[in-house]
Amino acid sequence: SLLRESDLSEEQDKYVTTIHRSGQNLLEIINDILDLSKIEAGMMRIESAPFSIRDIIHSTSTMFHSQILDKNLRIRVKIDETVPDMIEGDAMRLTQILVNLISNAIKFTNEGSITIAVSNKGITEDKIRVGIDVIDTGIGIEKDKQKNIFDRFQQAEDFVTRKFGGTGLGLSIVKNLVLLQHGEISVESELSKGSRFSLVIPYRVSYGAAAHPGSKNRQTNDMPDLGNVSILVAEDNELNQSLIKHLFTKWRLKFDIVGNGAEALIKSEKKKYDLVLMDIQMPVMDGYSATMQIRNKLKLKVPVIAMTAHAFTGEKEKCISYGMNDCISKPINEKELLTLIKRFTRFDYPVTPPQNGNANDAGTQYKYIDLGYMSQVSMGNKDYEKEITGLFINDIPGELDALKKSWDKPDIPHLRHLAHNMKTSVSVMGLDDKLHATLDSLEYDDLDSSTFTEKFNYLREVCSNALEEAKSLYENLKVNS
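## A few points about the overall build of the chain
Each helix and strand in the chain was counted, giving 17 helices and 14 strands. Looking at the chain as a whole, 49% of its 481 residues qualify as buried. For the chain, the proportion of contacts with a sequence separation of at least 24, taken over those separated by at least 6, is 72%. When the accessible surface of the chain is split by element, carbon and sulfur atoms take 49% of a total near 23900 Å².

Structure below.
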């Protein structure tokens with residue numbers, strides 16, 4: 001990977017690309033064999049913990065966004081409203097199943113679409129049978145080959161191996177993982193028309209749904225004067241900039257904030273930093289490209305922490321592969337951020353006894369906004385709460401207007417960027433649970449006019465109600481600050 005970034009002749013580039021592709025193929029084969037060996041040895045463990053089915057589906061489909069664009073395909077996600085969001089089971093194994101099925105669907109589809117459909121196959125008391133279909137419009141599988149498609153080392157035809165590669169282990173692993181979770185899987189396919197892989201896995205409904213990051217553990221650690229620690233922050237979202245500025249000022253850290261990866265490079269070249277916080281999606285130059293330039297062009301070993309709105313399986317590994325040291329998900333959890341700063345700047349910080357935040361003192365009077373997260377990071381600073389509430393009130397109407405205009409133009413790439421940025425804007429008022437799935441859909445789904453209108457109207461309605469509550473909050477903060 002490093003060699004590919006250097007100056008190569010056309011012939012050298014061809015050889016290095018072949019080496020890189022071969023290495024990736026070998027890695028996939030080894031991982032498949034290791035997984036199959038674990039399964040056959042009875043060493044594959046199935047864990048059980050609460051997780052959001054919608055987060056898993058949307059984040060997994062997002063992993064293939066670039067491949068979908070490269071092949072000019074469309075990806076659709078449909079989740080039945082009767083499927084509860086929080087269920088208990090093995091999220092990692094479900095992700096592994098989805099990754100195999102979606103990657104197969106993309107590999108064997110040259111035009112058309114990939115659809116991921118989640119349905120409710122029946123709820124009894126606290127148990128639900130979740131149905132997941134992965135449907136493609138690809139080359140299809142002959143009838144007489146379908147009965148063996150889940151066997152080890154089986155592919156539909158010899159030419160499939162020659163043309164598309166692979167070992168024929170992926171679907172065998174998928175079937176075994178489904179069976180280990182007491183589920184079932186089947187395939188329907190027609191040559192030249194596509195395939196539908198259908199699975200049903202039983203899960204337990206989780207009634208203790210995951211709370212907003214700010215509704216639990218609203219404790220924080222004070223930090224002493226850290227005059228020797230200097231941090232560069234690359235972040236284009238104004239609300240997130242304000243949050244980080246507030247935290248770092250409170251912690252008495254030295255810091256600079258820039259709005260994109262290109263500016264981060266200029267700053268890094270001129271000044272020495274102990275740590276870089278790098279947003280992934282930014283205009284001009286994204287976080288991945290900026291980090292690679294920091295490593296390969298500037299030759300700097302400064303720790304780089306990615307900030308991402310999607311903390312899905314494989315995200316940390318992807319960040320590390322681009323030269324980053326770790327990642328933290330948005331909305332930023334101040335306790336997690338503090339832990340990362342401690343670890344990567346290698347200072348021993350004395351910790352004072354935890355203080356109880358004001359939490360959501362007025363939370364019960366609000367139907368839409370939840371002040372838990374803001375209270376957690378404000379640490380009782382009413383001036384900051386007033387500032388961040390004012391930014392929310394000022395920014396949201398403009399962001400909604402920009403979304404609508406981007407659709408009307410149409411400018412879909414800009415619409416996706418705006419939807420991504422808006423996740424940070426709404427999170428500060430605790431609107432994640434209400435709006436995350438809608439913003440995910442606007443960012444990643446292939447929407448038609450009616451679907452966009454439905455999603456946008458819901459977004460506008462929730463934001464409108466949240467703005468009214470935020471204005472009331474702002475007036476209270478003006479009186480009390």
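Resuming the write-up.
## Quick notes on the packing of aromatic side chains
Applying the stated criterion across every chain yields a total of seven aromatic pairs. The interplanar angle of 80° and the centroid separation of 5.8 Å between the aromatic rings of Phe51 and Tyr203 together place this pair among those described as edge-to-face. Residue Phe51 is located in strand 1 (residues 49-52), and its partner Tyr203 is located in strand 7 (residues 194-205); the two are separated by 152 residues in the primary sequence. On the accessibility criterion, Phe51 (7% relative accessible area) is buried.

## Brief notes about helix 2 (residues 53-62)
Of all the ten residues making up helix 2, nine are buried; the element is thus mostly covered by neighbouring parts of the structure. All of the buried residues in helix 2 are Ile53, Arg54, Ile56, Ile57, His58, Ser59, Thr60, Ser61 and Thr62.

## A word on the confidence of the model for the chain
Residues with a pLDDT of 70 or more make up 85% of the chain, whose mean pLDDT is 81. In this model residues 155-165 is a low-confidence stretch, pLDDT under 50, and it forms 19 contacts with partners more than four residues away in sequence or in other chains. Considering only residues more than four positions removed or in separate chains, one finds that residues 348-364, a stretch of pLDDT under 50, has 31 contacts.

## Some details on helix 16 (residues 432-444)
Between its terminal C-alpha atoms helix 16 stretches 17 Å, which fits the 18 Å expected from 13 residues at 1.5 Å a residue. Along helix 16, the residues classified as buried are Asp432, Leu435, Thr438, Leu439, Asp440, Ser441, Leu442, Glu443 and Tyr444.

## Here's the deal with the packing of helix 9 (residues 261-270) against helix 10 (residues 287-296)
Contact pair helix 9 / helix 10: the axes reach a minimum separation of 8 Å and the direction vectors enclose 25°. With respect to each other, helix 9 and helix 10 are oriented roughly parallel. The two elements helix 9 and helix 10 meet at a crossing, and its hand is right-handed. Residues Gly261, Leu265 and Ser268 of helix 9 lie in contact with helix 10, whose contacting residues are Ala290, Gln293 and Ile294. The residue makeup of the contact of helix 9 with helix 10, split by class, is three nonpolar, three polar and no charged.

## Let's talk about the side chain of Asn421
Counting through the fold element by element, Asn421 comes out in helix 15 (residues 412-427). Beyond its immediate chain neighbours, meaning those up to four positions away, Asn421 contacts Asp236 and Asn237.

## Focus: the packing of helix 8 (residues 238-250) against helix 14 (residues 382-408)
As a packed pair, helix 8 and helix 14 sit with axes 10 Å apart at the nearest point and diverge in direction by 175°. Overall, the two elements helix 8 and helix 14 adopt an arrangement that is roughly antiparallel. Residue-level contacts link Glu238, Leu239, Ser242, Leu243 and His246 of helix 8 to Tyr384, Glu387, Ile388, Leu391, Phe392 and Asp395 of helix 14. Here the contact of helix 8 with helix 14 is composed, by residue class, of six nonpolar, two polar and three charged.

## What about unusual backbone geometry?
Backbone torsion omega between Lys409 and Pro410 reads -5°, so that peptide bond is classified as cis. Structurally, the position occupied by Pro410 is in the loop between helix 14 and helix 15. The phi dihedral of His182 is positive, around 60°, even though this residue is not glycine. Structurally, His182 can be placed in the loop between helix 7 (170-180) and strand 6 (184-190).

## A few points about the pairing of strand 7
Summarising burial for strand 7: nine of the twelve residues are buried, a large majority. Alignment of strand 3 (residues 86-89) against strand 7, held across two bridges, turns out to be antiparallel. When the bridges of strand 7 are listed, Ile87 appears paired with Val205. Inspection of the sheet shows strand 5 (residues 127-136) paired to strand 7 by nine bridges, in the antiparallel sense. Bridge assignment links Ile128 to a residue of strand 7, and that residue is Tyr203. Linkage of strand 6 to strand 7, two consecutive antiparallel strands, is achieved through a turn of three residues, within which Ser192 is found at a positive phi near 70°.

## Side note on the environment of Ser195
With respect to the helices and strands, Ser195 occurs in strand 7. Ser195 sits in the buried class, given a relative accessible area of 6%. In this structure the C-alpha to C-alpha distance between Ser195 and Ile114, which are 81 residues apart in sequence, comes to 9.9 Å. Only 2.7 Å separates the side chain of Ser195 from the side chain of Ser189, close enough to count as a polar contact.

Parameters and conventions
- Every chain is numbered independently, its residues counted from 1 as its sequence is written.
- Only residues with pLDDT of 70 or above have their local features reported here, since the model is predicted, and side-chain atom pairs are shown and tallied only from 80 upward, although totals for entire chains, interfaces and linings are computed over all residues.
- With hydrogens and water set aside, each side-chain value is computed from the structure's full complement of heavy atoms.
- Helix numbering and strand numbering both begin at the N terminus, where a helix is a DSSP run of H or I of at least 4 residues and a strand a DSSP run of E of at least 2.
- We call a residue buried when its accessible area falls under 20% of the maximum for its residue type, exposed when it is over 50%, and partly exposed in between, using a 1.4 Å probe and counting protein chains only.
- Contact criterion: two residues are considered in contact whenever any of their non-hydrogen atoms come within 4.5 Å of each other.
- Surface accessibility follows the Shrake-Rupley procedure with a 1.4 Å probe radius. Residue values consider only the protein chains on display as shielding.
- By convention, a stacked pair of Phe, Tyr or Trp rings (six-membered ring in the case of Trp) has centres within 6.5 Å and planes under 30 degrees apart, an edge-to-face pair has planes over 60 apart, and any other such pair is tilted.
- Residue-level confidence of the predictor, termed pLDDT, takes values from 0 up to 100.
- Here the expected span of a helix is defined as 1.5 Å times the quantity of residues minus one.
- Fitted lines through C-alpha atoms serve as axes, helices being fitted only where they are in contact, and the angles separating the N-to-C directions of these axes extend from 0 to 180 degrees.
- Roughly parallel here means an angle under 35 degrees, roughly antiparallel means over 145, roughly perpendicular means 65 to 115, and every remaining angle is called oblique.
- Should the near helix be turned anticlockwise from the far one by less than a right angle, the crossing is termed left-handed; should it be turned clockwise, right-handed.
- Only Asp, Glu, Lys and Arg are considered charged, only Ala, Val, Leu, Ile, Met, Phe, Trp, Tyr, Cys and Pro nonpolar, and every remaining residue, Gly among them, polar.
- Criterion used throughout: strands pair if DSSP finds at least two bridges between them.
- In protein, a polar contact means a hydrogen-donor-capable atom and an acceptor-capable atom, both N or O and within 3.5 Å, with residues adjacent in sequence counting only if both atoms are side-chain atoms; elsewhere, any N or O pair within 3.5 Å suffices.

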